[in-house]
Amino acid sequence: MTTIMLILVAAALGLGLSWLLHLPAIPLLVIAGVGLHVAGAVDDATLLQDVLMLGLAFLVFVLGTELSPRRVGAQARAAVGVGLAQFLVLGLVGLVCMRGLGFGWMTALYTGLALASSSTLVVLNLLRQRQQFFEPFGRLVVGVLLLQDILVIIAIAVLGRLDEGLAGVAWSVAGLGGLLAAAGVCIRWVGPAVLTRLEDDDETLLIVVLAVLFLFVGAAHVMGLPVVAGAFLGGVALSGFPTHGIVRGQLSSLADFFLALFFVALGGVLTLPDSEQFALLVLFVLVVLFVTPPLVALMARRVGLTARSSIESGLLLAQCSEFSIIIALLGLDRGHLDSGLVSVIALTTVVTMILTPWTATDAATWRIMRAGWRRRLPAPDTARRGHVLMLGSGTQGMRLLNALLAHGHEVVVVDDDAAVVAELQRRDVAAYRGDGADMDVLTKLGAADARAIISNMRRVRDNLRMLAYVRQTNRDVPVLVRVFAPAEAARIREHGGTAIVDSEAAADAFLNWFDRQQG
């Protein structure tokens, strides 16, 4: 009990300092755990690992609820290609590095698997904070995470029964298949039918949600599968609509609690690396940070994403997964990894998680774009003047475009969707594939000499970047921006734009305004 109490106190201190100092919680929680370890306050390694596994099991359960296959939408095929490429290439790079350094095949295999997938925890939190879940690249990234988590779970299950031969491996795969089928049934029928009836009964709802977790964990245990596999698939079983929205509020506070337990316990089992281990740590971090972004970006470009979305995807996925800890502990239990190498893998995971919010930024994306990753538009045959420049299309944009064309206005459209651009070009509309926030695109399409600019771009910061470009040209070009909230409208107006808050009225509002200008 003393050890549990000390872990809880350390977790409370870490979270409190994070709130007080406005710092990320993860490094402070890990430091708190390391402090307990260095002080000798927690010397029961078995208990620490049990707490670590408990925290991770609940954590992956909560993360599983966020990974609905339907959320991936039209990006499913692209996510499979990108996810497989990252998983296989990163795993192979890790394996080759370890073999080159003289480690055995099994040690190299476990290490490669630990480096192969990205953190669902970090990426989903960033997508939620930046409101990018439903952007094309956000859907792609969610699909990549779902695929990789399933691949890692399969790998863990297979490695855990590898000593039992083909029969043990086949039993594990069959068991995972059964749990996946059960999760699919819950998503399609059980969740919507049962949980929606309990929406107003918080206590019963929480009991049912936890019962789903225990049922999947219990089933995994009976079939000899890792507990985290059952926990993750139990979360996926509750990821459908409207189930996810109902259970999310019930799990948020519990998720924070178990997140704190997990990272404090992780700090408690870490050992400080010696010089050779530190060099290996640096190598692993560099592999993750410098192999993942270009690999994912190139693959995302091949499957149709724009340059900026591809780069954003690569930067977001450049860290190790929570499951890396499980792989490392499994390797330690099977005798293929020593405690020092487990600490190196765990530290690689923590360091890359901490770095992601600073590396996966809009500023970093544009720096890479300027280095030559953008798709450059061909130079127009003649300089355009007096046209209406439309940035982004979408459903409401199409309605507005049709209305403008019907009134005889010359319209130039730039959109990041290749299918939309191709359809517009078939209609003889001047349409180009590109990024409306890219100053090079704005220059080539004559934004400074346009009669008006209409923006359907979803991100406020993209619109602010475009407005800054217009101001720099010293031209009095009217800019209308479609927004979805009063706070967004206020920011657009502060920077000289005209905000159209009601998207349904965007076409009529613009045409009335435009006719007044003409008169």
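To be clear, the structure that these remarks concern was listed above.
Values in this document were obtained by computation on a predicted structure and should not be read as measured data.

Engineer: Report on the overall build of the protein chain, specifying residues and quantitative values.
Structural biologist: A count of helical and extended segments in the protein chain gives 23 helices and six strands. Its C-alpha atoms give the protein chain a radius of gyration of 26 Å, near enough to 24 Å, the size a compact globule of 519 residues would have. With respect to the principal axes defined by its C-alpha atoms, the protein chain has extents near 80 × 55 × 50 Å. Counting only residues that meet the buried cut, the protein chain has 53% of its 519 residues in that class. Considering only contacts in the protein chain between residues 6 or more positions apart, those separated by 24 or more positions represent 76%.

Engineer: Lay out the pattern of salt bridges in plain terms, naming residues and giving numbers.
Structural biologist: Inspection of every chain in the model, using the stated rule, returns 15 salt bridges. Residue Arg161 pairs with Glu164 through a salt bridge whose shortest N-O separation is 3.0 Å. The exposure class assigned to Arg161 is buried, which follows from its relative accessible area of 12%. A residue is classified by how much of its surface remains accessible, and Glu164, at 48% relative accessible area, is partly exposed. Residues Asp449 and Arg385 are paired through a salt bridge, measuring 3.2 Å at the closest nitrogen-oxygen approach. In this pair, Asp449 is assigned in the loop between helix H20 (439-444) and strand S4 (452-455) and Arg385 in the loop between helix H17 (362-373) and strand S1 (388-391), connecting sequence segments 64 residues apart. The class for Asp449 is partly exposed, based on a relative accessible area of 22%. Accessibility expressed as a relative area gives 59% for Arg385, which makes it exposed. Three or more residues joined by partner-sharing salt bridges are found here, namely Arg308, Asp362, Asp435, Arg461 and Asp462.

Engineer: Can you lay out the packing of aromatic side chains for me, pointing to particular residues and giving the numbers?
Structural biologist: Enumeration over the complete set of coordinates arrives at six aromatic pairs. Relative to Phe134, the ring of Phe133 has its centre 6.4 Å away and its plane inclined at 50 degrees; by these criteria the two rings are tilted. A connected cluster of aromatic rings, assembled from ring pairs, spans Phe58, Phe61, Phe257 and Phe258. The ring of Trp366 has Arg465 lying over it, and the distance from NZ or CZ to the ring centre is 3.8 Å.

Engineer: Which residues make up the sheet that holds strand S5 (residues 479-482), and what values go with them?
Structural biologist: Taken together, the six strands give an open sheet; going across it, the order is S3-S2-S1-S4-S5-S6, and neighbouring strands pair in parallel fashion. Only two strands of the sheet have a single partner each, and these edge strands are strand S3 (430-433) and strand S6 (498-500). Direction aside, the axes of adjacent strands within the sheet are offset by 20 degrees on average. Taken together, the four bridges between S1 and S4 define a ladder with parallel strand orientation. Following the sheet pairing, Leu391 is matched in S4 by Ser455. Together, strand S2 (411-415) and S3 form the strand contacts of helix H19 (residues 418-426), whose direction differs from that of S3 by roughly 160 degrees. In the packing of helix H21 (residues 460-472) onto the sheet, contacts are made with S1, S4 and S5, and the angle to S5 comes to roughly 180 degrees.

Engineer: Now, about the environment of Gln49: what can you tell me, with residues and values included?
Structural biologist: Along the chain, Gln49 falls in helix H3 (residues 45-65). With relative accessibility at 31%, the residue Gln49 sits in the partly exposed group. Along the primary structure Gln49 and Leu329 are separated by 280 residues, whereas in three dimensions their C-alpha atoms are 8.9 Å apart.

Rules used throughout
Residues numbered from 1 in each chain as written. Predicted model: local features only at pLDDT ≥ 70, side-chain atom pairs only at ≥ 80, totals over all residues. Heavy atoms only, no water. Helix = DSSP H or I, 4+ residues; strand = E, 2+ residues; numbered from the N terminus. Rg over C-alpha atoms; globule rule 2.2 N^0.38 Å. Buried < 20%, exposed > 50% of the residue type's maximum accessible area, 1.4 Å probe, protein only. Contact = heavy atoms within 4.5 Å. Salt bridge = Lys/Arg side-chain N within 4 Å of Asp/Glu carboxyl O. Phe/Tyr/Trp six-rings, centres within 6.5 Å; stacked < 30°, edge-to-face > 60°. Lys NZ or Arg CZ within 6 Å of the ring centre and 35° of its normal. Pairing = 2+ DSSP bridges. Axes fitted to C-alpha atoms, helices over the stretch in contact; angles between N-to-C directions.

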